[in-house]
Amino acid sequence: MSKTKTILKRTGIGFLILVVLLGAGGGYYFKSYLPDTVAPKSFPQIDGTIQLDGLDGPVDIYRDHMGIPHIYATTAHDLFFAQGYVHAQDRFWQMDFWRHIGSGRLAEMFASQADTDAFLRTLGWRVTAEQEYAQLDAGSKAIVDSYTAGVNAYIEGKDDIDLSLEYALLGLPILAPDYKIEPWTPIHSLTWGKAMAWDLRGNMDEEIQRAVLMKTLTPEQIAELFPAYPADHPVIVNKIGDLTSASAPTTASAFDIPDATLAALQKNASLLDVALGPAGDGIGSNSWAVSGKLSSTGMPILANDPHLGIQMPSIWYQVHLECKPVSDACPFNVAGFSFAGVPGVVIGHNEHVAWGFTNVGPDVMDLYIERVNPDNPNQYEVNGEWVDFETRKETINVAGGDPIEMTVRLTRHGPVISDDFGPLKNVGDPEDKEFVPFKDRSGIELPEQYVIALKWTALSPSTPFKAIWGFDTAKNWDEFRAAAQDFHVPPQNLVYADVEGNIAYQMPGDIPIRAKGDGTIPVPGWTDEYEWTGYIPFEELPYTVNPPEGYIATANNQVPPFDYPHWITYDWDYGFRAQRIVDMIQNAPGKIDFAYIQQMHGDAFDANAALYVPILLETDGLSEEHVNLIKDWDYQDRIDSTAAAVFNAFWRHLLQNTFNDDMPEARYFPDGGSRWNEIMRHMDDSSAWWDDRSTKDVVETQNDIVKKSFEQGIAELEEIFGKDASKWKWGDMHASTFRNGTLGESGIGLIENLFNRGPFPTGGGEALVNATGWSVRDGYETNWLPSMRMIVDMGDLSNSVTVHTTGQSGHAYHPHYIDMAELWTGIDYYPMLWDLDAVTADAEGHLTLTP
């Protein structure tokens, strides 16, 4: 069920719709009154003058033809005050929803989310953010305080429907009629960092999956399903300083954990999928920089496209912040992408440097099995002694319901995340006739009593935004790298270029050093055997400056060379995107220009097809008519490609037919992505995976499964499109529908139509440079994507271009709500306006804020 079907259907929203439709004018209410009368109430004022308390002087805000604000102020306070103001003008519902996630207060808006809140309170994001705020230096505190004042200056005194259309529905009796919008606080901004750290969290899901598979598969089979990073694919940094080679850490021994325990952990982790979207192989990014010796301009060109879950509105809010004049007291002149809810520019460029992000995906989460005192459940074991759990009381307020009291237990490693969830309980619902107590179904040698705790770097106080504010003002590589030392969580690949002609790379972040183990499976926590002994020192983290090859390319692939002495993770992306990017750079037809970078952004070369189409062409017994559809294909998954539709339908069934019968439960069925690509490219006809375990007295071969999968793929296409193959288009199968992250997934068409936009035919696919994800398990619709694309010209910043997915506005029916989508699907761009003259000439609005 989609995430907000879960949110809304349990609250009886279907009953609400029934009542409205039975009354006179139900269709008018949803199709005319809300769009035409209510929605425009929240559209922002973009012209004229507004007088506000709290400003030092006047602030000019020009909005260009895409609705992007360019903010000019004389003090840093006013600059960030105005950024908070325009964020609230355009995106307050998004900000409000995200702050409820960060604080574990979703049930105040949607009653069904009490379980999600319980898990968020267990993780304690808000508690950590409060500690971070207390530790901020005065300059950083001033930035977030000024931003907060700007948000509150906008929302103060406004009715909820003056802030966003969604509140018109939230306030209906069946949802949260007593909901009150609270003032913004600095803590709300800082919890954003925790949400992003969770979204980019690394390998906890794989850690649980390995532990589950160890029960039914051999170590050799698991090694095949989790192969090492391929030696024939590129690493990001080929040489790092003077570090010497060393071996990888000792792998932890297998620890037999009950299925129910592992299912509970996975259930708990998946609770946040409702709010943040599921983790997946494709949640990553591409970024590359080419030096002047390779570019047509003689100066570096930097490109970035972060891959995140599809959503409405865009996760990004583009903005230009400029001090007039730039000075030591007001040092900002920076343009790029921000998060609505957080001050500053996360990815972009200033006068001197440009930077992009891709996710490293390091192993910064470990699961510890804690032995509980069987005579005193308030204690757990540490090195042979019983110590008390720390506890924290939490109260979850529920819209239309009674408050829920809960107690969070904390160990030396972190919060207990296996408490109070169904699969671990020994006492169930009396009406649940199928309930079996956990103690009766485990039968596994474990401590008599135990819990599982999460150790995660993001639960220690540190905010990435201090580093980002440093990037915003950096004048050179040394200043940029110094700022990166404050970037603790989530570790990112930082690709850099500057106006002096340099390109560089830095991996920052807190990467644990383990006494034993490699973080790939849960480990015992009652001794110090598997403790973290520290973090990799910043000076020993991978970096490079002006590499001799003249380019730097990152795509979530392995960062360090194979002889790097420290352990970062086993679970890298397997490098298919990285290999294609490197190939295109190395085989460019001439000097690399913007048109070629754009071609790279849109490249949809499918390495699976290059491997398996020749196999299909040699397979006897397939329909010649349908095989001919892929015969002369160039392996590009373009929007209008019939061959791509045929191949991806085949590929989906090939993975299902090869592996589903071997998996212990459906949640571990293959879902596509680079890991499965790597598995499949090493399987020959002798592999035991080809045999279908569900058939008796027969051993299937590769040829059998390939033939069956192709035939099933063709049958599926005929079911979707009909028998006329000219109508089989990959872009239609793989279309992007941008859904509002709350009310837009209700399952009720009248509500969804208010907020959702699409489908938009979409090219690209899994593990391709144009990385638009889809699910082998769930279907072909785009589920994650390049959330923006940016190309920065270090020879002339005014030539830089970009696009993000939906539009600048978060207000349904606003002209800038969905005006970027067709540009995005077409791999097209608009200018990142930089000079004031160009901004004013293009402006569709000029708003002045005055004291």
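Overview of the structure. Predicted model only: the values in this text are computed from it and were never measured. (Residues numbered from 1 in each chain as written. Predicted model: local features only at pLDDT ≥ 70, side-chain atom pairs only at ≥ 80, totals over all residues. Heavy atoms only, no water.)

Across its full length, the protein carries 27 helices and 30 strands. The proportion of buried residues among the 851 residues of the protein is 62%. Taking contacts inside the protein between residues at least 6 apart in sequence as the whole, the part at least 24 apart equals 74%. (Helix = DSSP H or I, 4+ residues; strand = E, 2+ residues; numbered from the N terminus. Buried < 20%, exposed > 50% of the residue type's maximum accessible area, 1.4 Å probe, protein only. Contact = heavy atoms within 4.5 Å.)

Helix-helix packing is described using two parameters, namely the angle between the two axes and the distance between the axes. Interhelical geometry of helix α4 (residues 76-103) versus helix α7 (residues 138-155) gives an angle of 50° and a closest axis separation of 7 Å. On the basis of the axis angle, α4 is oblique to α7. Handedness of the crossing formed by α4 with α7: right-handed. The segment α4 lies against α7, with H77, F80, F81, Q83, G84, Y85, H87, A88, Q89, F92 and M95 engaging I143, S146, Y147, A149, G150, V151, A153, Y154 and I155. The residue makeup of the contact of α4 with α7, split by class, is 13 nonpolar, seven polar and no charged. (Axes fitted to C-alpha atoms, helices over the stretch in contact; angles between N-to-C directions. Parallel < 35°, antiparallel > 145°, perpendicular 65-115°, else oblique. Left-handed = near helix turned anticlockwise from the far one by under 90°. Nonpolar A, V, L, I, M, F, W, Y, C, P; charged D, E, K, R; others polar.)

With an omega dihedral of -5°, the bond running from M312 to P313 counts as a cis peptide bond. Relative to the helices and strands, P313 is located in the loop between β5 (301-309) and β6 (317-323). The phi dihedral of A767 is positive, around 60°, even though this residue is not glycine. Residue placement: A767 occurs in the loop between β24 (757-760) and β25 (773-775). In this structure, I827 takes a positive phi of about 55° despite not being glycine. By secondary structure assignment, the location of I827 is in the loop between α26 (821-825) and β29 (830-831).

For the rest of this paragraph, the subject is the state of the cysteines. In the structure shown here, the tally under the stated rule is one disulfide. Here C323 pairs with C330 through a disulfide, and the sulfurs are 2.0 Å apart. Disulfide C323-C330: the torsion about the S-S bond is -80°, which places it as left-handed. Summarising the burial analysis for this pair, C323 and C330 share the class buried. (Disulfide = S-S within 2.5 Å.)

So, about helix α6 (residues 125-135). Every buried residue of α6 is listed here: W125, T128, A129 and E132. Projection of α6 onto a plane perpendicular to its axis shows the buried side chains occupying an angular sector of 100°, all on one side. (Arc of directions from axis to C-beta.)

Moving on, we come to the pattern of salt bridges. Side-chain pairs of opposite charge can arise whenever the charged atoms involved come near each other. Per the stated rule, a full pass over the model turns up 29 salt bridges. The partner of E108 in a salt bridge is R105, with the nearest N and O atoms 2.8 Å apart. The buried category is assigned to E108, whose relative accessible area is 14%. On the accessibility criterion, R105 (18% relative accessible area) is buried. Through salt bridges with shared partners, a single ionic network connects R105, E108 and E182. (Salt bridge = Lys/Arg side-chain N within 4 Å of Asp/Glu carboxyl O.)

Here the focus is the sheet that holds strand β19 (residues 523-524). Here we have three strands laid out as an open sheet, ordered β15-β10-β19, and mixed in their pairing. Where the open sheet ends on each side, the last strands, each with one partner, are β15 (450-456) and β19. Summarising the sheet, strand β10 (residues 365-371) and β19 pair through two bridges and their orientation is parallel. Counterpart to Y368 in the pairing with β19 is V523. (Pairing = 2+ DSSP bridges.)

Next up on the list: empty space enclosed by the protein. On inspection of all chains with the given rule, the structure shows seven cavities of 30 Å³ or more. By volume, the largest cavity amounts to about 200 Å³. Lining of the largest cavity is provided by 20 residues; of these, M196, L200, F339, F357 and Q492 occupy positions nearest its centre. Among the secondary structure elements, those contributing two or more residues to the lining of the largest cavity are α9 (186-199), β5, β9 (353-359) and α15 (464-473). Of the residues assigned to the lining of the largest cavity, the class counts are 14 nonpolar, six polar and no charged. Lining the second largest cavity are 15 residues, with N608, N648, W651, E766 and W774 positioned closest to its centre. Sorting elements by how many residues they give to the lining of the second largest cavity places helix α21 (residues 642-659) first, with three residues. Looking at the lining of the second largest cavity, its residues break down into five nonpolar, six polar and four charged. (1 Å grid on protein atoms, 1.4 Å probe; cavity = no way out; pocket = protein on both sides within 12 Å on 5 of 7 lines; lining within 4 Å. Points joined across faces, edges and corners; volume = space filled by probe spheres on them.)

So, about the sheet that holds strand β17 (residues 503-506). With mixed pairing, the eleven strands of this open sheet are ordered in space as β1-β30-β2-β3-β6-β7-β8-β9-β16-β17-β21. Edge positions in the sheet fall to β1 (48-51) and β21 (543-545), since each has one partner strand and no second. Taken pair by pair, the neighbouring strands of this sheet meet at an average axis angle of 15°, ignoring direction. The sheet strands contacting α15 are β7 (333-338), β8 (347-350), β9 and β16 (492-498), and the helix crosses β9 at an angle near 150°.

As a rule of thumb, soluble globular proteins bury nonpolar side chains together. By size, the foremost hydrophobic cluster in this structure holds 230 residues, and its most contacted members are L225, W456, F471 and L849. A total of 14 residues in this core trace back to one element, the largest contributor, which is α4. Non-local contacts of L225, meaning those with residues more than four positions away in its chain, are made with L213, L217, F659, M663, R675, W676, I679 and W689. By size, the runner-up hydrophobic cluster in this structure holds eight residues, among which are A107, A114, A118 and M406. (Core = buried A, V, L, I, M, F, W, Y, C linked by side-chain atoms within 4.5 Å.)

A few words now on the side chain of N648. Looking at where N648 falls in the secondary structure, it is placed in helix α21. Taking relative accessible area as the criterion, N648 reaches 2% and is therefore assigned buried. When residues no more than four places from it in sequence are discounted, the contact partners of N648 are D606, D637, W730, W774 and Y780.

A few words on the pairing of strand β26 (residues 779-786). Burial of β26 is extensive: six of the eight residues sit out of reach of the surface. Of the strand pairs in this sheet, β5 and β26 are connected by three bridges, and their pairing is antiparallel. Among the inter-strand pairings, H307 is bridged to a residue of β26, identified as P786. Where β25 hands over to β26, the hairpin turn is made up of three residues, counted between the paired strands.

What follows covers the packing of aromatic side chains. Using the criterion set out here, one finds 43 aromatic pairs in the structure. Taking the centre distance of 5.2 Å and the plane angle of 85° together, the rings of Y29 and F30 count as edge-to-face. Members of the aromatic cluster, connected to one another through ring pairs, are F605, Y612, W633, Y635, F647, F650, W651 and F710. In this arrangement the basic side chain of K158 is found over the ring face of Y154, its NZ or CZ atom lying 4.1 Å from the centre. Stacked on the ring of F389, the Lys or Arg R409 has its end atom at 4.6 Å from the ring centre. (Phe/Tyr/Trp six-rings, centres within 6.5 Å; stacked < 30°, edge-to-face > 60°. Lys NZ or Arg CZ within 6 Å of the ring centre and 35° of its normal.)

All right, on to the environment of V646 then. If you trace the backbone, V646 turns up in helix α21. For the pair V646 and V627, spaced 19 residues apart in sequence, the C-alpha separation works out to 8.9 Å. Aside from chain neighbours lying at most four places away, what touches V646 is L629, I630, F710, I714, L717 and W728.

On to the environment of T297. When you line up the elements, T297 lands in the loop between β4 (285-290) and β5. For T297 and M794, which are 497 residues apart along the polypeptide, the C-alpha to C-alpha distance reads 8.8 Å. Of note is the side chain of T297, whose polar atom sits 3.3 Å from the side chain of S295. A polar atom in the side chain of T297 sits 3.1 Å from the backbone oxygen of M299. (Polar contact = N/O pair within 3.5 Å; in protein donor to acceptor, adjacent residues only side chain to side chain.)

Looking now at the side chain of N557. By secondary structure assignment, the location of N557 is in the loop between β22 (551-554) and α17 (576-586). Accessibility expressed as a relative area gives 1% for N557, which makes it buried. A distance of 2.9 Å separates a polar atom in the side chain of N557 from the backbone oxygen of P234. Reaching out from N557, the side chain makes a polar contact with the backbone nitrogen of A555 at a distance of 2.9 Å. Contacts of N557, omitting those with residues within four sequence positions, involve Y229, P234, V235, I236, W572, D573, G575 and A578.

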